[in-house]
Amino acid sequence: MAPIAGRTVLVTGGRRGLGAALVDAALARGAARVHATARQEYADERPSVSTHVLEVGSEESVAALAAVATDVDVVINNAGVLLPAPLLTGSLVDVDRTFDVNVLGPLRMARAFAPILAARGGGALVNVHSVLSWLGGSGAYGASKAAAWSMTNSLRIELAAQGTQVVGVHAGFIDTDMVAAIDTPKVTPAEVASRVLDGLESGAGEVLADDVTRNVKELLAGPVEKLTLELVR
């Protein structure tokens, strides 16, 4: 893909954490406009930023956003939810919510914005996964990220005909509110955001945002029994 400069970028979950860092990084690289979403209304005083209320679990909410954000060249699906619980004993309501937000949410966005991206020459779709896509032991969250990874790989094939670059992002623990209670080394949101945009601008299909993720990916050809959460703790 061409440089971010002059493009319009949409970031879901753009109010804080990695999402906010992605908004900042896109502006720093000269994005003409950034659409940033959150589940509640909020304000951003920067003139190049438009904020929107979005619930990725609602097809109607996604469609409403697509109806007004018709100038988008890059969609970054960053919004997600972490509801930790074992698969066997955790609430199935939480499991359902996790998959609805982390898997079907990006799919709803892809379906709604694919025609917009096509009309603007193809653009790019970026889905934020996790190193936990490849590791057992993180319950529904890891399972949902594994499903999202597979979905991204299929979307890359389906969107190739319209010239849309599809990027899957994997990262370990990012220093955000979502994992604040986990005592483990973390990478900063700004570092991850910079690497995401580097990959996007270079035409990459995948971004491995930190050393932990690169190390784990190298182990994927090994025994599956060793692919556990303990690798990153």
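Here's a quick rundown of the structure.

Basis of the calculations
- Along every chain, residues carry numbers that run from 1 in the direction the sequence is written.
- Only residues with pLDDT of 70 or above have their local features reported here, since the model is predicted, and side-chain atom pairs are shown and tallied only from 80 upward, although totals for entire chains, interfaces and linings are computed over all residues.
- Side-chain numbers come from the whole structure's heavy atoms, not from hydrogens or water.
- Using only the protein atoms, space was sampled on a 1 Å grid; points where a 1.4 Å probe fits but cannot get out form cavities, open sets with protein on both sides within 12 Å along at least five of seven lines form pockets, and lining residues are those with an atom within 4 Å of a point.
- Grid points are joined across faces, edges and corners, and a volume is the space filled by probe spheres set on the points.
- Secondary structure counts use DSSP, requiring at least four H or I residues in a row for a helix and at least two E residues in a row for a strand, with both numbered from the N terminus.
- For this classification, the nonpolar set comprises Ala, Val, Leu, Ile, Met, Phe, Trp, Tyr, Cys and Pro, the charged set comprises Asp, Glu, Lys and Arg, and every other residue, Gly included, is treated as polar.
- The term polar contact refers here to a pair of N or O atoms within 3.5 Å; inside protein, the definition further demands a hydrogen-donor-capable atom paired with an acceptor-capable atom, and it admits residues adjacent in sequence only when both atoms are side-chain atoms.
- Contacts are assigned to residue pairs that have any heavy atoms within 4.5 Å of one another.

**A short note on empty space enclosed by the protein**
- Tallied over the entire structure, the rule returns two cavities of 30 Å³ or more.
- Empty space within the largest cavity amounts to approximately 50 Å³.
- Taken together, Asn77, Asn78, Ala79, Asn102, Pro106, Asn127, Val128, His129, Lys145, Ala148 and Met151 make up the full set of residues lining the largest cavity.
- Of all the elements, helix 4 (residues 139-159) adds the most residues to the lining of the largest cavity, at three residues.
- For the lining of the largest cavity, the per-class residue count stands at five nonpolar, five polar and one charged.
- Here the second largest cavity is characterised by a volume of approximately 30 Å³.
- In terms of residue count, the dominant contributor to the lining of the second largest cavity is helix 3 (residues 92-119) (three residues).

**Points about the side chain of aspartate 100**
- As for its position among the elements, aspartate 100 is in helix 3.
- Only 2.6 Å separates the side chain of aspartate 100 from the side chain of arginine 108, close enough to count as a polar contact.
- Ignoring any residue separated from it by four or fewer positions in sequence, one finds aspartate 100 in contact with Gly57, Gly105 and Arg108.

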